[in-house]
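# Descriptive structure summary
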Amino acid sequence: ACLNKTRSLLIDQGAYFTNAFVATPICCPSRATIQTGRYMHNTKVYDNGCGGTEWQEGPEKLNVAHFANSNGYKTFYAGKYLNNYGTKPVGGVEHIPPGWTRWFGLVGNSKYYDYDVSNNGTLEHHGSNYATDYFTDYIKNKSISFIKETAGEPFFVMLGSPAPHVPNIFAPQYANKYLGIKAPRTPSWNKAPNPDKHWLLREVGPMDEAQIKNSDLTYADRWRALQSVDDMVAEIVHTLEELGILDDTYIIYSSDHGFHLGEFGMGFDKRQLYETDIRVPLLARGPGIKPGMKIDNMVVSVDWAPTILDMMGIAKPDIMDGRSWLPVAHGNAPSVWRDEIMVEYNGPQVDEYGILPADPNRATPSCPGALLPGVMCCGGEHGEAPCDAKNNTYACVRKLSPSENSIYCKFNDDQEFVEYYDINKDPWALQNAVNTSSPAHMEERFKRLKEFFDCSGNDCFIPPAQSVKIN
């Protein structure tokens, strides 16, 4: 059984959203979206080399904490922030993003031991002792202390656990769980190469036995690492209950992206346009949310910030692209709700883990496809896997309505490559249907994509129709 505490305390006692998506399926741009309620084309945070001065001088100033704190809320953040956070070129650990009363931001990318934290602007180093340093427990303990200190006052806590991000270091008590478990063998598992898909998937071949083992071990480690997140959820809920404020507190549980594990021969990672990568869990409990609710409305990560503010009684700032789903969770869904969202990614500009080939032409024997110029490999605790390409630059419209369940994607590459899938007929995106679909419908989908790409603020919920010339 997986995450039984979270299931019992959040799903059984709250709402489960069956159609929750991220607007960008990769860590840093997605976290920027969660912080600001804005699509990637509006935050200008395009890849995992983010968190620089342009971000700090622009979108970060109008993050969710800024609005919460300006309206009387004490705010707390602990965990992974944006990937460049804490480095000297962007102000070091002294930089505390606007709005946060208490700040425990992880320096750099995901770590579990031997990490640095900005403790309200002061460098704090941690080593490798489980009892004092394991990062998931560290942010849990800090948040519980803050909740106890501020009980009786309006507060907002946001936790950014790296788990289950590589290297997926799990707590020692979970070392014997999930032994021998294998990644799901979905219809698209190890289906490669794929001549009807974008360049990266045309070039990457199937995993061999060693790469399959790598993927399966990564899958097991992810579940082990998540056990401490499950514990964190339970301890926070129990703390709220002991303080007598659980029934007055909203709790949201989600992720910054989905994940693939062997689909289309890609051993592990995210960044792709398929359902495995763009769908995320979304759970919520709190005042007015009935236990055991299942909500099918389409929601996306630009909605998280305006929803949080709505829970505080704060009106959505006009600059935010999303819309609060709190009325939906309260059973009072507006008569008009979206049936389309945008998904976008701009490709890699930097090495994400610090162990990627600095030169994309470099051969990495443990990574299938690494001999191909332009294929990027990502490292995990058991080896590398192909994960990205310089031309993996796409914008999509994901539609979910009674008449159409589809995704249309156009790549910003020298081919202007297009992928289209009817999800009802082809839920695993096995066959690109762009050439077998009505040209008129493909033109309509492209026009709709252009309308999303040009949107900002309130217009992004249901972008107004434009007169768009189709080339």
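Here the structure is shown first, and the text comes after it.
Below is a summary of the structure that appears in this document. Just so you know, these numbers come straight off a predicted model, no measurement behind them.

So, how was this worked out
Residues numbered from 1 in each chain as written. Predicted model: local features only at pLDDT ≥ 70, side-chain atom pairs only at ≥ 80, totals over all residues. Heavy atoms only, no water. 1 Å grid on protein atoms, 1.4 Å probe; cavity = no way out; pocket = protein on both sides within 12 Å on 5 of 7 lines; lining within 4 Å. Points joined across faces, edges and corners; volume = space filled by probe spheres on them. Nonpolar A, V, L, I, M, F, W, Y, C, P; charged D, E, K, R; others polar. Helix = DSSP H or I, 4+ residues; strand = E, 2+ residues; numbered from the N terminus. Buried < 20%, exposed > 50% of the residue type's maximum accessible area, 1.4 Å probe, protein only. Pairing = 2+ DSSP bridges. Contact = heavy atoms within 4.5 Å. Polar contact = N/O pair within 3.5 Å; in protein donor to acceptor, adjacent residues only side chain to side chain. Axes fitted to C-alpha atoms, helices over the stretch in contact; angles between N-to-C directions. Parallel < 35°, antiparallel > 145°, perpendicular 65-115°, else oblique. Left-handed = near helix turned anticlockwise from the far one by under 90°. Disulfide = S-S within 2.5 Å. Patch = residues over 30% accessible without salt bridge, like charges linked within 9 Å, V, L, I, M, F, W, Y side chains within 5 Å. Areas by Shrake-Rupley, 256 points an atom, 1.4 Å probe, with all protein chains shown as cover. Salt bridge = Lys/Arg side-chain N within 4 Å of Asp/Glu carboxyl O. Lys, Arg positive; Asp, Glu negative; His and termini not counted. Charge placed at Lys NZ, Arg CZ, Asp CG, Glu CD. Core = buried A, V, L, I, M, F, W, Y, C linked by side-chain atoms within 4.5 Å.

## Remarks on empty space enclosed by the protein
What the rule picks out here adds up to 4 cavities of 30 Å³ or more. Each pocket or cavity is described by its volume, and for the largest cavity that value is around 130 Å³. What lines the largest cavity is a set of 17 residues, and nearest its centre among them are Phe264, Tyr274, Glu275, Thr276 and Trp428. Split by residue class, the lining of the largest cavity holds 11 nonpolar, 4 polar and 2 charged. Contributing to the lining of the second largest cavity are 10 residues, with Met207, Gln211, Gly267, Glu384 and Ala385 lying nearest its centre. Mapped onto the lining of the second largest cavity, the elements with two or more residues apiece are α9 (209–242) and β14 (383–389). The element contributing the most residues to the lining of the second largest cavity is β14, with 3 residues. A per-class count over the lining of the second largest cavity returns 5 nonpolar, 4 polar and 1 charged.

## Comments concerning the pairing of strand β9 (residues 282–285)
Residues Leu282 and Ala284 of β9 are buried on one face, and the alternating residues Leu283 and Arg285, pointing to the opposite face, are buried as well. Two strands pair when backbone bridges link them, and strand β1 (residues 15–17) and β9 are joined in this way by 2 bridges, in the antiparallel orientation. Bridged to Tyr16 within β9 is Leu283.

## Some points on helix α2 (residues 27–36)
α2 sits mainly inside the fold: 10 of its 10 residues count as buried. Listing the buried residues of α2 in full gives Cys27, Cys28, Pro29, Ser30, Arg31, Ala32, Thr33, Ile34, Gln35 and Thr36. Each element contacted by the buried residues of α2 is listed here: α3 (40–43), α4 (53–57), α5 (64–70), β3 (74–79), β7 (155–160) and α11 (304–311). Looking one or two residues past α2, Gly37 carries a phi angle of roughly 70 degrees, positive in sign.

## Examining the side chain of Asn190
Following the sequence through the fold, Asn190 ends up in the loop between β7 and α8 (199–203). The contact partners of Asn190, leaving out residues within four places of it in the chain, are Pro206, Met207, Ile212, Gly262, Glu263, Phe264 and Gly265.

## Digging into the side chain of Thr24
Within the secondary structure layout, Thr24 lies in the loop between β2 (20–21) and α2. In this structure the side chain of Thr24 is engaged in a polar contact, spanning 3.0 Å, whose partner is the backbone oxygen of Glu344. In contact with Thr24, other than residues within four places in its own chain, are Pro29, Ser30, Met40, Asp256, Glu344 and Tyr345.

## Comments concerning the packing of helix α1 (residues 4–11) against α9
Between α1 and α9, the least distance of the axes is 8 Å, while the angle of their chain directions is 40 degrees. When the axis of α1 is compared with that of α9, the two are oblique. Between α1 and α9 lies a crossing of left-handed hand. Along the contact surface, α1 presents Asn4, Lys5, Thr6, Leu9 and Leu10, while α9 presents Asp230, Asp231, Val233, Ala234, Val237 and His238. Of the residues that constitute the contact of α1 with α9, the class distribution is 5 nonpolar, 3 polar and 3 charged.

## Some words on the state of the cysteines
A full pass over the atoms with the stated rule returns 4 disulfides. Between Cys378 and Cys387 runs a disulfide, and the two sulfur atoms are separated by 2.1 Å. As the torsion about the S-S bond is roughly 65 degrees, the Cys378-Cys387 disulfide counts as right-handed. In this pair, the class of Cys378 matches that of Cys387, namely buried. Residue Cys396 pairs covalently with Cys409 via a disulfide, S to S 2.1 Å.

## A short note on a negative patch on the surface
A contiguous patch of negative charge, built from Glu241, Glu242, Asp247 and Asp248, is present on the exposed surface. Inspection of the secondary structure puts Asp248 in the loop between α9 and β8 (251–254). Taking relative accessible area as the criterion, Asp248 reaches 61% and is therefore assigned exposed.

## Some details on the nonpolar core
Counting residues in hydrophobic clusters, the biggest one holds 47 residues, and the most contacted among them are Phe135, Tyr138, Trp223, Leu240 and Tyr253. Listed by contribution, the elements that provide at least two residues to this core are α1, β3, β4 (102–106), α7 (135–150), α9 and β8. The leading source of residues in this core is α9, at 12 residues. Leaving out residues up to four positions away in the same chain, Phe135 has contacts with Gly79, Lys80, Leu106, Lys111, Tyr112, Tyr115, Val117 and Pro162. Counting 44 residues, the second largest nonpolar core, distinct from the first, contains Ala20, Tyr81, Trp103 and Trp337.

## Brief notes about the pairing of strand β15 (residues 394–400)
A large share of β15 lies buried, amounting to 6 of its 7 residues. One ladder, built from 6 bridges, connects strand β12 (residues 340–345) with β15; its direction is antiparallel. From the neighbouring strand, Val343 faces β15, where its bridge partner is Cys396. In this structure, β15 lies alongside strand β16 (residues 405–411), joined through 7 bridges in antiparallel fashion. Directly across from Arg398, in β16, lies its bridge partner Ile407. Counted along the chain from β15 to the antiparallel partner β16, the turn is 4 residues long.

## Let's talk about the layout of surface pockets
Taken as a whole, the second largest pocket spans an internal volume of roughly 410 Å³. Taken together, 18 residues form the lining of the second largest pocket, with Tyr394, Ala395, Lys410, Asn412 and Phe453 sitting closest to its centre. Take the lining of the second largest pocket: its biggest share by element is 4 residues, from helix α13 (residues 439–453). Residue composition of the lining of the second largest pocket, grouped by class: 9 nonpolar, 4 polar and 5 charged.

## Let's talk about the environment of Asn458
Among the structural elements, Asn458 can be located in the segment after α13. Distance from Asn458 to Pro317, taken between C-alpha atoms, is 9.0 Å for residues 141 residues apart in sequence. Apart from the residues lying within four places of it in its own chain, the contact partners of Asn458 are Lys316, Asp318, Met320 and Arg323.

None of the figures reported here should be taken as evidence of function without further support.
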